[in-house]
Protein chains: 2
Amino acid sequence: MEQRVARLWSLALTIVASVLANTAARAQASFLPSWNDGPAKHAIVNFVQRTTDPASMQFVPPEERVATFDQDGTLWVEQPIYAQVVYCMDRVPVLVKQKPELASVEPFRTVLSGDRAAMARLAPEDLLQIVTATLTGMSVEEFQAEVRGWLARARDPRWRRPYTDLTYLPMQELLQYLRANGYKTYIVTGGGQDFVRVYSQLVYGVPPEQVVGSAGGTEYGYDRQGKPVLTKEPKLLLNDDHAGKPEGIHLMIGRRPRAAFGNSSGDRQMLEYTSAGDGLRLAMLVLHDDAKREYAYGPAEGLPSTKVGTFTQALYEEGKKDGWVVISVKRDWKRIFSFDPAN
Amino acid sequence: MEQRVARLWSLALTIVASVLANTAARAQASFLPSWNDGPAKHAIVNFVQRTTDPASMQFVPPEERVATFDQDGTLWVEQPIYAQVVYCMDRVPVLVKQKPELASVEPFRTVLSGDRAAMARLAPEDLLQIVTATLTGMSVEEFQAEVRGWLARARDPRWRRPYTDLTYLPMQELLQYLRANGYKTYIVTGGGQDFVRVYSQLVYGVPPEQVVGSAGGTEYGYDRQGKPVLTKEPKLLLNDDHAGKPEGIHLMIGRRPRAAFGNSSGDRQMLEYTSAGDGLRLAMLVLHDDAKREYAYGPAEGLPSTKVGTFTQALYEEGKKDGWVVISVKRDWKRIFSFDPAN
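Described in the following lines is the structure provided in the data block. Because the structure is predicted, anything quoted here is derived from the model rather than measured.

**Some remarks on the overall build of chain A**
Assigned secondary structure in chain A consists of 13 helices and 7 strands. When the 343 residues of chain A are sorted by exposure, 54% land in the buried category. Considering only contacts in chain A between residues 6 or more positions apart, those separated by 24 or more positions represent 64%. Roughly 15100 Å² of accessible area belongs to chain A as shown, and the carbon and sulfur atoms make up 55% of that amount.

Following this line, the structure appears as structure tokens:
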């Protein structure tokens, strides 16, 4: 019996291995259909082949295959305003219903007025106050339910679609391509960790435990029935942006990434930290240079800088020096969104 | 060609499935050889079978299979003193060599004296000072190298073996059994996250990213050559004990565990939080009641309480009420350590 089982195993494994070998070669070419041939796609395929081929000098053992992705502007649209900021603004009326005294207090009064121009002028301290008021004070389950409801209702102003439709198809393909080659894919976002975790599995195939983001503390306590409750507290544990990205990666993953993808100066330290590691590393920057199909911003191509997602000239220069690879939306992406085949 | 590949795949999968089904039944019995038959082993096997059988009402999808383990006193020996505290004490002479002025300052003077009785009397503030001085101020890579070196040299006082030999064989089998059934196993320790991550893969088969522990901050900066460096800072981000355990689980994993294993009042909230979830959950407490083969401590069996690993009567009562299962070292474990077949 044992012998028969062993023989069946061996037969099954042989078949699987031959099918895998057969598929692997074709997979390299067919995995990134929305990418145009060019330096960006070549850099990706070259990196994956050299780090996963056991005969390669740059081979990386499977457990060390870690790839980290910024979210806003790297995996999905961040213009004209971060989705999570819209969420917070949209929550203000609900909040004021619970605490009517806020209606006459700034910055809540401005948000309630619906005056988009005035809202755009809010100072960082005002935004922080809104963020704190709308993201804390409830149980983690209540927060998850609120975000789920909002994602189902909210529509972005340009395409009139759920925000979760606005992910970049080429980057989705890249996530899948890396995972198919044994890479564990992480989101490392300046956005709220609890916010992104609500939809990361469904939208990106990234499980919540592989989302690193700006994180507040929770407090463990009990509800009136004596059931344990974790309540979201207005205490910032990790500001996962700029230097906070490698710090967050160390805290939450404990390994230096082999590949990292970003689009703004908030990702600079993550890319530096990644490319400073031993062996072959891949650091890539998405350049938004396609005003027609998406947005154009960032000064690398002489485009006007905006408040969000600043791809500065300094970042561009550092990237050139360190061998980072620019992904031009205009040049490198055949399609941008899955919902628009004509894109 | 495509069709032939599909047919081969289908054949391979059928064979794999039949072999798996064949092996599964036997695996249940053979996976926990160091456990005596009894309520603890039965609770484990029952939990795993009911949560992994797709026909079961309590079936848990693979991505939600999370099991969390305390370390000290649950996965390895914590008596007479936590290994990490020994590490910190052992580091003091090295530290004093770098900063000679500390030699005449308390609590470093007491540690240097080697007077074990005086060291045992050190106050928590003194310990904190030693911990801070020995665990921070270096790069994360330097720290990892120091811990590796210490683990190779240090021997525990009773068995004269490396601390990493003192893991409980039945718990190692349990980790493997859960993983073989699709559970992701996490260590959730009051000990230092960076410390445990150095050996977690090698010793427990748990990768660093699945270790949640008390965590200090790091600071991102550059060395003299301009290379990025993460330096360990004396800033506590997460005190991963008591209420800090569910808080840490939310921060680092973002899912409520299906199974949790502990041995002391520091694990109470983690077990509460786990067993308060929907569906079938498993919460277990290791009771150290075998003075001959290991140590006996904790008052549940009328044994004297000690400073570490306090399994209090209150915890025992709460556990009974909530359906937690006690693992008696004396009764439930056939063998305790892999190095001693006679154990």
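Back to the text.
**Concerning the environment of A:Tyr273**
Along the chain, A:Tyr273 turns up in helix 11 (residues 268-275). Each C-alpha atom of the pair A:Tyr273 and A:Ala260 lies 9.3 Å from the other, and the pair is 13 residues apart in sequence. The residues contacting A:Tyr273, other than those within four sequence positions of it, are A:Pro246, A:Ile249, A:Arg256, A:Pro257, B:Tyr220, B:Pro228 and B:Leu230.

**Concerning the packing of helix 3 (residues 83-98) of chain B against helix 6 (residues 124-135) of chain B**
Residue and element names in this part refer to chain B. The N-to-C vectors of helix 3 and helix 6 enclose an angle of 65 degrees; their axes lie 9 Å apart at closest approach. The angle between helix 3 and helix 6 falls in the class roughly perpendicular. In this structure, helix 3 meets helix 6 at a crossing whose hand is left-handed. Two secondary-structure elements touch here, helix 3 through Gln84, Val85, Tyr87, Cys88, Met89, Arg91, Val92 and Leu95 and helix 6 through Leu127, Ile130, Val131, Ala133, Thr134 and Leu135. When its residues are assigned to classes, the contact of helix 3 with helix 6 shows 11 nonpolar, 2 polar and 1 charged.

**Observations regarding the pattern of salt bridges**
Under the counting rule described, the total for this entry stands at 32 salt bridges over all chains. In this structure, the salt-bridge partner of A:Asp37 is A:Lys41, at a minimum N-O distance of 3.8 Å. On the basis of relative accessibility, which here comes to 61%, the residue A:Asp37 falls in the exposed class. Among the residues examined, A:Lys41 registers a relative accessible area of 11% and is labelled buried. Residue B:Glu64 pairs with B:Arg258 through a salt bridge whose shortest N-O separation is 3.2 Å. Here the residue B:Glu64 occupies a position in the loop between helix 2 (39-52) and strand 1 (66-69), and B:Arg258 occupies one in the loop between helix 10 (244-252) and strand 5 (259-262), the gap between them amounting to 194 residues. Judged by relative accessible area, B:Glu64 falls into the partly exposed class, the value being 31%. Residues participating in the shared-partner salt-bridge network are A:Asp70, A:Lys245 and A:Asp267.

**Let's talk about the packing of aromatic side chains**
For any two aromatic rings, the description comes down to two numbers: the centre-to-centre distance and the angle of the planes. According to the stated counting rule, one finds 36 aromatic pairs over all chains in the structure shown. Residues A:Tyr199 and A:Tyr204 carry aromatic rings whose centres are separated by 6.5 Å and whose planes lie at 50 degrees to one another, so their mutual orientation is tilted. The exposure class of A:Tyr204 is buried, given its relative accessible area of 2%. Ring geometry for B:Phe195 versus B:Tyr199: centroids 5.9 Å apart, planes at 85 degrees, classification edge-to-face. Within this pair, B:Phe195 and its partner B:Tyr199 are both found in helix 9 (residues 193-204), separated by 4 residues, close to a single helical turn. Take B:Phe195 and B:Tyr199: they sit in the same class, and that class is buried. A connected cluster of aromatic rings, assembled from ring pairs, spans A:Trp76, A:Tyr87, A:Phe143, A:Trp150, A:Tyr163, A:Phe195, A:Tyr199 and A:Tyr204.

The rules behind these values
- Residues numbered from 1 in each chain as written.
- Chains lettered and ligands numbered in written order.
- Predicted model: local features only at pLDDT ≥ 70, side-chain atom pairs only at ≥ 80, totals over all residues.
- Heavy atoms only, no water.
- Helix = DSSP H or I, 4+ residues; strand = E, 2+ residues; numbered from the N terminus.
- Buried < 20%, exposed > 50% of the residue type's maximum accessible area, 1.4 Å probe, protein only.
- Contact = heavy atoms within 4.5 Å.
- Areas by Shrake-Rupley, 256 points an atom, 1.4 Å probe, with all protein chains shown as cover.
- Axes fitted to C-alpha atoms, helices over the stretch in contact; angles between N-to-C directions.
- Parallel < 35°, antiparallel > 145°, perpendicular 65-115°, else oblique.
- Left-handed = near helix turned anticlockwise from the far one by under 90°.
- Nonpolar A, V, L, I, M, F, W, Y, C, P; charged D, E, K, R; others polar.
- Salt bridge = Lys/Arg side-chain N within 4 Å of Asp/Glu carboxyl O.
- Phe/Tyr/Trp six-rings, centres within 6.5 Å; stacked < 30°, edge-to-face > 60°.

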